[in-house]
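Structure assessment
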Amino acid sequence: MQESTSPGAGRPRSELNAGVFAATLRSVHEFGYAGATMDRIAVAAGAAKTTLYRRWPSKGALITACLVDAFGPAPLVSEDRDELLATAVRWAAAKTSEPGVGAAFAGVFTDAVSDPALREILSTQLQAPYLAVLQDALGESEQRVRFVIDVIMGTLLHRLGIDGEPMAEDDVEALIAMVLGVFR
């Protein structure tokens, strides 16, 4: 039997990515960030580890791509500044509370502290698109929008890390009030 060497051999990229991203979040949820190794993710995804490394040069790059996919586009559904910010905070809180997402986010950030290449990946692939969209929608400087993103995500991840649980709804509303205060 002859092996297929055509460029289209194997699963389509989007199907493979979806399976790997789902397996990544399941692995992080089940084993924690440190325990979600590339080996475990490959097995859970039904893919070869070499396939993962061809697409993502490191676990951090895979986790970042997975987070970009999990978060998707920012839900900018209003022209009203307060409503836009409130929606963004609620959206970030909901996303970080999804199984595996918050832990993946916290873990990759921890790894990035001592990995400049991973910081660059996080900055360009994860933060920059949201920063640009919010900066444009709010008409604010990059510095102010970056600060608000830091406050929102830092607070949500801190709560998840300390309590092991997502932030309660009333605390999310208090966070919204604090964020709105920055822009008044």
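Residues numbered from 1 in each chain as written. Predicted model: local features only at pLDDT ≥ 70, side-chain atom pairs only at ≥ 80, totals over all residues. Heavy atoms only, no water.

1. Concerning the pattern of salt bridges
Per the stated rule, a full pass over the model turns up eight salt bridges. Residues joined by salt bridges that share partners form a network here, namely R81, E140 and R144. (Salt bridge = Lys/Arg side-chain N within 4 Å of Asp/Glu carboxyl O.)

2. So, helix α8 (residues 142–163)
With 22 residues, α8 extends 31 Å between its outermost C-alpha atoms, agreeing within 8% with the 32 Å of an ideal straight helix rising 1.5 Å per residue. Looking at the buried side of α8, the elements it contacts are α4 (59–71), α5 (81–96), α6 (101–112), α7 (116–138) and α9 (169–182). Phi turns positive, to about 75°, at G164, one or two residues after α8. (Helix = DSSP H or I, 4+ residues; strand = E, 2+ residues; numbered from the N terminus. Expected span 1.5 Å × (residues − 1). Contact = heavy atoms within 4.5 Å.)

3. A word on the nonpolar core
With 57 residues, the main nonpolar core has L52 and L67 as its most contacted residues. Those elements that place two or more of their residues in this core are α1 (13–35), α2 (38–45), α4, α5, α6, α7, α8 and α9. Not counting the four nearest positions on each side in its chain, L52 is found in contact with V20, M38, I41, A42, A47 and L62. (Core = buried A, V, L, I, M, F, W, Y, C linked by side-chain atoms within 4.5 Å. Buried < 20%, exposed > 50% of the residue type's maximum accessible area, 1.4 Å probe, protein only.)

4. Some remarks on the side chain of T87
Residue position: T87 is located in helix α5. Not counting the four nearest positions on each side in its chain, T87 is found in contact with P75 and V77.

5. Considering the packing of aromatic side chains
Across all of its chains, the model carries five aromatic pairs by this definition. Each ring, one from W91 and one from Y130, has its centre 5.5 Å from the other, and the planes form 55°; the classification is tilted. With W91 in helix α5 and Y130 in helix α7, this residue pair connects regions lying 39 residues apart in the sequence. As far as burial versus exposure is concerned, W91 and Y130 are alike and both buried. Across from the ring centre of F31, 3.9 Å away, lies the NZ or CZ of R40, which sits over that ring. (Phe/Tyr/Trp six-rings, centres within 6.5 Å; stacked < 30°, edge-to-face > 60°. Lys NZ or Arg CZ within 6 Å of the ring centre and 35° of its normal.)

6. Digging into the confidence of the model for the protein chain
Looking at the protein chain as a whole, the pLDDT averages 91, with 93% of positions reaching at least 70. Across residues 1–8, where pLDDT falls below 50, the model places one contact with residues more than four positions away in sequence or in other chains. (pLDDT = per-residue confidence, 0-100.)

7. A look at the packing of α5 against α9
Put simply, α5 and α9 touch, their axes get as near as 10 Å, and they point 140° apart. Taken together, the axis directions place α5 and α9 in an arrangement best described as oblique. In the packing of α5 onto α9, the handedness of the crossing is right-handed. Contacts from D82, L85, A86, V89, R90 and A93 in α5 reach V172, E173, L175, I176, V179 and L180 in α9. Of the residues belonging to the contact of α5 with α9, the class tally is nine nonpolar, no polar and three charged. (Axes fitted to C-alpha atoms, helices over the stretch in contact; angles between N-to-C directions. Parallel < 35°, antiparallel > 145°, perpendicular 65-115°, else oblique. Left-handed = near helix turned anticlockwise from the far one by under 90°. Nonpolar A, V, L, I, M, F, W, Y, C, P; charged D, E, K, R; others polar.)

8. A word on α9
With 14 residues, α9 should cover 20 Å at 1.5 Å per step; its first-to-last C-alpha distance of 20 Å lies within 8% of that length. For α9, the full list of buried residues reads V172, L175, I176, V179 and L180. One face of α9 carries all of its buried residues, which in axial projection span an arc of 135°. In α9, those exposed residues whose orientation departs by more than 90 degrees from the buried face are D170 and M178. For α9, the secondary structure elements touched by its buried residues are α5 and α8. (Arc of directions from axis to C-beta.)

9. Some details on the environment of A47
For A47, the position within the fold is in the loop between α2 and α3 (49–55). What makes A47 buried here is its relative accessible area of 16%. Spatially, the C-alpha atoms of A47 and L118 are 23 Å apart, while their sequence positions differ by 71 residues.

10. Some words on the packing of α4 against α6
Where α4 contacts α6, the axes come no closer than 10 Å and their chain directions differ by 140°. It follows from the interaxial angle that α4 and α6 lie oblique. Where α4 crosses over α6, the handedness of that crossing is left-handed. In this structure, α4 uses G60, I63, T64, L67, A70 and F71 to contact α6, whose residues at the interface are V101, A104, F105 and V108. The class makeup of the residues in the contact of α4 with α6 is eight nonpolar, two polar and no charged.

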